[in-house]
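Okay, here's what each chain looks like letter by letter:
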Amino acid sequence: MKTVTIDTVTLGEGKPKIIVPLVGRTKEEIIQEAEFVATVDCDIVEWRIDFYEDILDFSAAAQFSKQVKKILNKPLLVTFRTKQEGGELALSDEKYFEMYRVLLNEGSFDLLDVELFMPAVGVGQTIELAHEKNKKIIMCNHDFDKTPAKEVIIERLCKMQELGADICKIAVMPQTTADVITLLDATQEMYHKHADRPLITMSMGSLGVVSRVSGATFGSSATFGAAKKASAPGQVSVDELRSILEVL
């Protein structure tokens, strides 16, 4: 298992790391959130740029990322969550990859989120550019409707490895407690039999909360917690999350 070190934070060893989202819509809201999150006991901050009202001005957003990064003084993950995977804004594939190209060339951050099911050529080019710029890639897939079969979850995580992701992430929605077990079983099987890099897995919603705190047991290297406003269903507040992780 390879570990991945971002600044002073290493995923794939020790306790699962806590990632906290910034979901402000205006510059002022994002700056206020960032100043607050800078004081919070978390390891990595995710800026959900699909919430940002001026994100379509790519160069300006890249410049703004420098200000956000400076305020946080923590590793920064930049994520544009597409509409089809639960995000706030519809964007063509061409614009998605153009936005990421500008951010990688002009912005300041440590990690970039790329979705598994985006067009393969654009994904490959984005990963190549990110690595040239010494930035890591979290590749992800979200299913807000259901929990796929264990074999499908493992297959998707393996595909992320094949494509060159540094960290592989999947989030699924449970309808039953059996679905939560499916996600956890897929995680431990992937971790023990296939993974050669860190994984982040979660079962969403209230049923899936146990998956957000049990990473160290099953093989997930990080979890998402809410500082103020959650970015996905089932996120636990950072303070509670840290306490639970310490106990486990």
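Quick notes on the rules
Residues numbered from 1 in each chain as written. Predicted model: local features only at pLDDT ≥ 70, side-chain atom pairs only at ≥ 80, totals over all residues. Heavy atoms only, no water. Salt bridge = Lys/Arg side-chain N within 4 Å of Asp/Glu carboxyl O. Helix = DSSP H or I, 4+ residues; strand = E, 2+ residues; numbered from the N terminus. Buried < 20%, exposed > 50% of the residue type's maximum accessible area, 1.4 Å probe, protein only. 1 Å grid on protein atoms, 1.4 Å probe; cavity = no way out; pocket = protein on both sides within 12 Å on 5 of 7 lines; lining within 4 Å. Points joined across faces, edges and corners; volume = space filled by probe spheres on them. Nonpolar A, V, L, I, M, F, W, Y, C, P; charged D, E, K, R; others polar. Expected span 1.5 Å × (residues − 1). Arc of directions from axis to C-beta. Contact = heavy atoms within 4.5 Å. Polar contact = N/O pair within 3.5 Å; in protein donor to acceptor, adjacent residues only side chain to side chain. Patch = residues over 30% accessible without salt bridge, like charges linked within 9 Å, V, L, I, M, F, W, Y side chains within 5 Å. Areas by Shrake-Rupley, 256 points an atom, 1.4 Å probe, with all protein chains shown as cover. Lys, Arg positive; Asp, Glu negative; His and termini not counted. Charge placed at Lys NZ, Arg CZ, Asp CG, Glu CD. Phe/Tyr/Trp six-rings, centres within 6.5 Å; stacked < 30°, edge-to-face > 60°. Lys NZ or Arg CZ within 6 Å of the ring centre and 35° of its normal. UniProt positions renumbered as here; feature names shortened; annotations may be inferred.

Caption draft 1: Spotlight on the pattern of salt bridges. Under the definition given, this model contains 13 salt bridges. For arginine 242, the salt bridge identified is with aspartate 43, shortest N-O distance 3.3 Å. Remark: aspartate 43 occurs in the loop between α1 (27-37) and β4 (44-48) and arginine 242 occurs in helix α9 (residues 238-247); sequence separation between them is 199 residues. Across this residue pair, the class does not change: arginine 242 and aspartate 43 are buried. A salt bridge links arginine 197 to aspartate 196, with the nearest nitrogen and oxygen atoms 2.7 Å apart. One connected set of salt bridges, linked through shared partners, spans Asp41, Asp43 and Arg242.

Caption draft 2: Region of interest: the layout of surface pockets. Quantified by volume, the largest pocket comes out at close to 170 Å³. What lines the largest pocket is a set of 17 residues, and nearest its centre among them are Gly12, Gly14, Tyr191, Gly219 and Ser220. With three residues, the single largest contributor to the lining of the largest pocket is helix α8 (residues 215-218). Of the residues contributing to the lining of the largest pocket, the split by class is six nonpolar, seven polar and four charged.

Caption draft 3: How the structure looks around helix α2 (residues 58-72). Here α2 spans 21 Å end to end across 15 residues, near enough to the 21 Å set by a 1.5 Å rise per residue. Those residues of α2 lying buried are Phe58, Ala61, Ala62, Phe64, Ser65, Val68, Lys69 and Leu72. The buried residues of α2 occupy an angular sector of 165° when the element is viewed end-on, so they sit on one face. At its buried positions, α2 is contacted by β3 (17-22), α1, β4, β5 (76-79) and α3 (93-106). Following α2 by one or two positions, asparagine 73 adopts a phi angle in the positive range, close to 55°.

Caption draft 4: Quick look at the environment of aspartate 110. The topology assignment puts aspartate 110 in the loop between α3 and β6 (111-115). Assessed through its relative accessible area of 16%, aspartate 110 is described here as buried. Note: C-alpha distance between aspartate 110 and serine 206 (96 residues apart in sequence) is 30 Å. A distance of 2.7 Å separates a polar atom in the side chain of aspartate 110 from the backbone nitrogen of leucine 76.

Caption draft 5: Main features of a negative patch on the surface. Residues Glu28, Glu29, Glu53, Asp54 and Asp57 make up a contiguous surface patch of negative charge. Here aspartate 57 lies in the loop between β4 and α2. The partly exposed category is assigned to aspartate 57, whose relative accessible area is 45%.

Caption draft 6: Examining the packing of aromatic side chains more closely. Tallying each qualifying case throughout the model produces six aromatic pairs. For the pair tryptophan 47 and phenylalanine 64, a centre-to-centre distance of 5.5 Å together with 85° between the ring planes defines the contact as edge-to-face. Of this pair, tryptophan 47 sits in strand β4 while phenylalanine 64 sits in helix α2, and the two are 17 residues apart along the sequence. Measuring from centroid to centroid gives 6.3 Å for phenylalanine 80 and tyrosine 96, while their planes differ by 75°, and the two rings are edge-to-face. You can see phenylalanine 80 sitting in the loop between β5 and α3 and its partner tyrosine 96 sitting in helix α3, a full 16 residues away along the chain. Tyrosine 96 gets classed as buried once you look at its relative accessible area, which sits at 1%. Within the aromatic cluster, the residues linked to one another by ring pairs are Phe80, Tyr96, Phe97 and Tyr100. Residue placement shows lysine 27 over the ring face of phenylalanine 64; its charged tip is 5.2 Å from the ring centre. Its guanidinium or amino end placed over the ring of phenylalanine 109, lysine 135 lies 5.1 Å from that ring's centre, counting from NZ or CZ.

Caption draft 7: View of the UniProt feature "active site" (unreviewed entry) in the protein chain. According to UniProt, the positions carrying the feature "active site" (unreviewed entry) are His142 and Lys169. These annotated residues cover 28 residues of sequence, and their C-alpha atoms all fall within 8.6 Å of one another, placing them together at a single site. Inspection of the secondary structure puts histidine 142 in strand β7 (residues 136-143). Non-local contacts of histidine 142, meaning those with residues more than four positions away in its chain, are made with Arg81, Glu85, Lys169 and Ala171. Position of lysine 169 relative to the elements: it lies in strand β8 (residues 167-172). We classify lysine 169 as buried; its relative accessible area is 5%.

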